[in-house]
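Chain by chain, the residues:
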Amino acid sequence: MNKSSAQTKYIPKDIVSWFFLPLFLLLVVFPLLALVWNLKPDGIVRTLKDWFFWRSFKNTIIAAFAASALGSVLAVGFGYYHLFHKNTFTYKLANLMNDLPAAIPHTVAGLALLLAFGRKTCGFISNTGLAFTLFAVVLAMFFVSYPLCARTIASGVDGTDREMVDVARTLGDSPVQAYFRIVLPLMGESIFAGFVLAFSRALSEFAAVVMFGGNLPGSTQVLASYVFTKVEEGELEMAVTASVVCILLSLIIVALLSIRRRKHA
Amino acid sequence: MLKVNGIYKAYGTQEVLKSACLEIGSEIKVLIGINGCGKSTLLKIIAGIIKSDKGNVLLREKNITHLAPEERRVGYVPQHPALFGHKSVIDNIRYGMRNGLGSEELLEDLLSMLGLNDILNKKPGELSGGYKSRVSLARALAPEPEMILLDEPLSDIDAAVKETLLPEFRRVTKLMNVPVLYVTHDPAEAEQIGDTFSVMQGGRVNDIDSANHAFEIIKKDKLISV
Ligand SMILES: Nc1ncnc2c1ncn2[C@@H]1O[C@H](COP(=O)(O)OP(=O)(O)OP(=O)(O)O)[C@@H](O)[C@H]1O
Ligand SMILES: [Mg+2]
């Protein structure tokens, strides 16, 4: 009895090296390397000379920046409810909604935005409403990246000392004043992390952006949709170059986060 | 004068305070009770940080039961100093004076009595434990509150430092001439700082003639519950 249970519990010592490691290398590292391997000097040159590439690069940075800035502002509001109104219906609903964008297909998110801000409701702005503008790209990126900001700020709020808020209240602060004067100034780290996470999520969004913002070269095209277009056009080498640029961008972000974390550790 | 009448408070099904009553004149009253009996809960109810289920709190004959903490004038010194880490010592201490409360004379007295004049521009993170609690006390007193609550303010402090801090704390709070409610676990500390003593037991508060008497009651209580 003892022996058999001991046998079933037996875990080979080097399971990590002969199972998990090769699997990781095959499924995660190999595809990324495959991109880099396919990088051709000719593709690089042609991409870097392509005006539409630079426009999509610029669009990506601007829209992702705007989306994560908007996300951070809203997340600061969410943090306030998280601190003072956890038991209200509004908070619980908002909290639930934070999980939604991650769980639905992003084509659905894009369609939802199209119906909300498209021709029907915002027809007075243009004949497609807000859709197929750079602003639509921002809203699509915001929709999928805001929850990351909200979660990060909420965990920052959890990390602050509740007694500080209590003391600030006895010193004359309303909840809002205590939040802005005491809690937020001590949460720079969380706000930065939330912003950066949202930024990287926004950079990588494709489906919602294309559904609502479209894929108009030079105007609403972003790096993710540029890659898609180049593959469709059979310009594989240009697509590869743009993809490597995407990877470099996200590496820069990861590095930024870890440098800052180390500085504050 | 502070008057607390018939306070009830339950967290879920756990009844913590059951008709707690308390009266404090211009004196330092020490509140003694075993861990988890509800002392901090009572203090937070008096400060307005949490709401009681029943009962009322009168300060200078005014019913403050339903006022928000910022509308009461109650100074609160929590167990951990909870200083505002992004502000300098002097900005911490002045924090409650923003709306014209307190006075420059009082502030000067507090700073010199607590020996804070040399560290005014430091950040809380640079201070020793003893100085942190001095700043926390000064911050609570500077706006001239109508009463003062201290929740085990020196429980994190070394015994040697405590020896010098206790007389300081007593002198400074006495200066204000308002009701003071001081929670502690340490019998010697209680005797040194207190004028009068109360013990919290089974959700109620009873006045007692000496700190030692209170600790005897608590010991008996513990023996029974063990
Ligand atoms: N927010 C809360 N939610 C649920 N239960 C709580 C909450 N705050 C306190 N309690 C419970 O109420 C009881 C009284 O807590 P309180 O902090 O008032 O005790 P205390 O006398 O100050 O204890 P200590 O001496 O450890 O500081 C404890 O059993 C505690 O677990
Ligand atoms: Mg306590």
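The model shown is predicted, which means the values in this text are computed figures rather than measured ones.

(A) Up close: the overall build of chain B. Secondary structure assignment for chain B yields 7 helices and 10 strands. Relative to the compact-globule value of 17 Å for 226 residues, chain B shows a C-alpha radius of gyration of 17 Å, a close match. Reported as C-alpha extents along the three principal axes, the dimensions of chain B are approximately 50 × 40 × 30 Å. For chain B, buried positions account for 52% of its 226 residues. In chain B, the share of contacts with a sequence separation of at least 24, taken over all contacts with a separation of at least 6, comes to 70%.

(B) Structural context of the interface of chain A and chain B. Tallying the contact residues gives 17 residues for chain A and 24 residues for chain B. The contact between chain A and chain B buries some 1700 Å² in all, and 60% of this surface belongs to carbon and sulfur atoms. Interface area lost by chain A to chain B is led by E163, T170 and L171 of chain A, which between them contribute 37%. Taken together, the links from chain A to chain B amount to 2 salt bridges.

(C) Structural detail: the side chain of E27 of chain B. Within the secondary structure, E27 of chain B sits in the loop between strand 2 (14-24) and strand 3 (28-32). In this structure, E27 of chain B is in contact with K174, V178, P179, V180, D195 and T196 of chain B, ignoring residues within four places of it in sequence.

(D) Geometry of helix 15 (residues 236-264) of chain A. Residues and elements named next belong to chain A. The terminal C-alpha atoms of helix 15 lie 42 Å apart, and with 29 residues this matches the ideal 42 Å at 1.5 Å per residue to within 8%. Among the residues of helix 15, those classed as buried are M238, A239, V240, T241, A242, S243, V244, V245, L249, I253 and L257. Elements in contact with the buried residues of helix 15: helix 2 (15-37), helix 3 (41-48), helix 4 (51-84), helix 12 (188-203) and helix 14 (223-232).

(E) Seen up close, the environment of I218 of chain B. All names here are of chain B. Locating I218 in the fold gives a position in helix 7 (residues 211-225). Linking I218 and A190, residues 28 residues apart in sequence, is a C-alpha distance of 14 Å. Once residues lying within four places of it in the same chain are set aside, the contact partners of I218 are I32, G33, I34 and V199.

Definitions and limits used
Residues numbered from 1 in each chain as written. Chains lettered and ligands numbered in written order. Predicted model: local features only at pLDDT ≥ 70, side-chain atom pairs only at ≥ 80, totals over all residues. Heavy atoms only, no water. Helix = DSSP H or I, 4+ residues; strand = E, 2+ residues; numbered from the N terminus. Rg over C-alpha atoms; globule rule 2.2 N^0.38 Å. Buried < 20%, exposed > 50% of the residue type's maximum accessible area, 1.4 Å probe, protein only. Contact = heavy atoms within 4.5 Å. Buried area = accessible area lost by both parts, 1.4 Å probe. Salt bridge = Lys/Arg side-chain N within 4 Å of Asp/Glu carboxyl O. Expected span 1.5 Å × (residues − 1).

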